[in-house]
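Geometric and topological summary
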Amino acid sequence: MNATQPSDGVLVDRYGRVARDLRVSLTDKCNLRCTYCMPAEGLPWLAGPELLGDDEIIRLIRVAVRQLGVTEVRFTGGEPLIRPGLAGIVAAVAALEPRPRISLTTNGIGLDRLAPTLRAAGLDRVNVSLDTLDPERFARLTRRPRHADVLAGLAGAAAAGLTPVKVNAVLMRGVNDDEAPALLRFALAHGYELRFIEQMPLDAQHGWDRAAMVTADEILAALVGGFALTADPTERGPAPAETWLVDGGPARVGVIASVTRPFCGDCDRTRLTADGQVRACLFATEESDLRGALRAGADDDELARRWRAAMWGKRAGHGIDDPTFLQPARPMSAIGG
Ligand code: SF4
């Protein structure tokens, strides 16, 4: 463990991990109501003035890229596609030197319409959430009959060249855990790259139940009956997903097993919320305010200094298995993937 925080340079923490991957939540609002994320009535959304403006977001990302060594920027939400200024923000980030890789995590609704514009603005690739191939089950899971829109969004992303198109699927016991092989067949047939995500204790209702979570071992067991999975020779590095070649490859499948196979030791993520808070970890219970400093006239050096200080204190891991584990007050819908 490092004893002294460096006064300049990249976003390093006490354990020597360097954050290069910035996740930016552009809104806490969403046009779906997934049962494992939020209640049917939604949540008390962040009010207008609390939200960072487009210029404020662009400025903070510029500081991160130019002064803090960030090389990846991922836009998340809530649902980032509902942010009116999204294309302009993407274009401004794509114009930065050095140019970061730019991706987006979305529920796919409206992506068929927006994909060409976002691609032209500089978006490189997308991850689209899809937990089921059954429209009725989708409507029960998300409380919205928008399954066809998500499939159209996936196809639109591929057609626009936002590749590789990655699909994120969360399996829940007794709900959609029977669909693992079918989801993989669907992804293979369309050339999408599928990752299964273990459900995490980040829901707004604080109803996460470990016993109901489908583990990585169970997901893999459900797949090996129909597919030959072999170790993926690609270097994993800090990537959240553990990946396997399917039927000899090159197609791959991934599992993001934050709970049963944590990967915190190699974590390279830093997060900025839609209301200007830095989160050192998805499960952080503390946040550092950049919005206040920014609006009080802080210069870029000061913003960079505060961001470094926020990351220096990052904990070794999420601590979910720790008896003292506390689920963060801020729900996933206001943090972003
Ligand atoms: S739980 Fe936190 S430390 Fe672990 S990989 Fe995720 S963001 Fe990184």
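Presented here is an overview of the structure given in this document. Source: prediction; values computed, not measured. (Residues numbered from 1 in each chain as written. Predicted model: local features only at pLDDT ≥ 70, side-chain atom pairs only at ≥ 80, totals over all residues. Heavy atoms only, no water.)

Another aspect to go through is the overall build of the chain. Of the regular secondary structure elements, the chain holds nine helices and 14 strands. For the chain, the spread of C-alpha atoms along the principal axes amounts to about 55 × 45 × 40 Å. Relative to its 337 residues, the chain shows a buried fraction of 53%. Sequence-distant contacts, at least 24 apart, represent 73% of the contacts inside the chain between residues at least 6 apart. Carbon and sulfur atoms make up 54% of the accessible area of the chain, which totals about 13800 Å². Averaged over its 40 positive side-chain charges, the chain has a centre that lies 2 Å from the centre of its 43 negative ones. (Helix = DSSP H or I, 4+ residues; strand = E, 2+ residues; numbered from the N terminus. Buried < 20%, exposed > 50% of the residue type's maximum accessible area, 1.4 Å probe, protein only. Contact = heavy atoms within 4.5 Å. Areas by Shrake-Rupley, 256 points an atom, 1.4 Å probe, with all protein chains shown as cover. Lys, Arg positive; Asp, Glu negative; His and termini not counted. Charge placed at Lys NZ, Arg CZ, Asp CG, Glu CD.)

What follows deals with the site of the ligand. Lining the immediate surroundings of the ligand are Phe263, Cys264, Cys267, Arg269, Arg271, Cys281, Leu282, Phe283, Lys314 and His318. Tallied by class, residues from the shell around the ligand come to six nonpolar, one polar and three charged. (Near = heavy atom within 4 Å. Nonpolar A, V, L, I, M, F, W, Y, C, P; charged D, E, K, R; others polar.)

We now examine the pattern of salt bridges. For the structure on display, the rule yields 24 salt bridges. Note that Glu179 is salt-bridged to Arg137, the shortest N-O span being 2.7 Å. Separated by 42 residues along the polypeptide, Glu179 in the loop between β7 (166–170) and α6 (180–190) and Arg137 in helix α4 (residues 135–142) bring together distant segments of the chain. Across the pair, Arg137 and Glu179 agree in class, each one buried. For Arg305, the salt bridge goes to Glu302, with nearest N and O atoms at 2.9 Å. You can see Arg305 and its partner Glu302 sitting in helix α9 (residues 300–312), three residues apart, about one turn around the helix. The class of Arg305 is partly exposed, set by a relative accessible area of 43%. Look at the salt bridges and you will find they share partners, linking Glu193, Arg195, Asp232 and Arg252 into a network. (Salt bridge = Lys/Arg side-chain N within 4 Å of Asp/Glu carboxyl O.)

These figures come from the coordinates and say nothing about function on their own.
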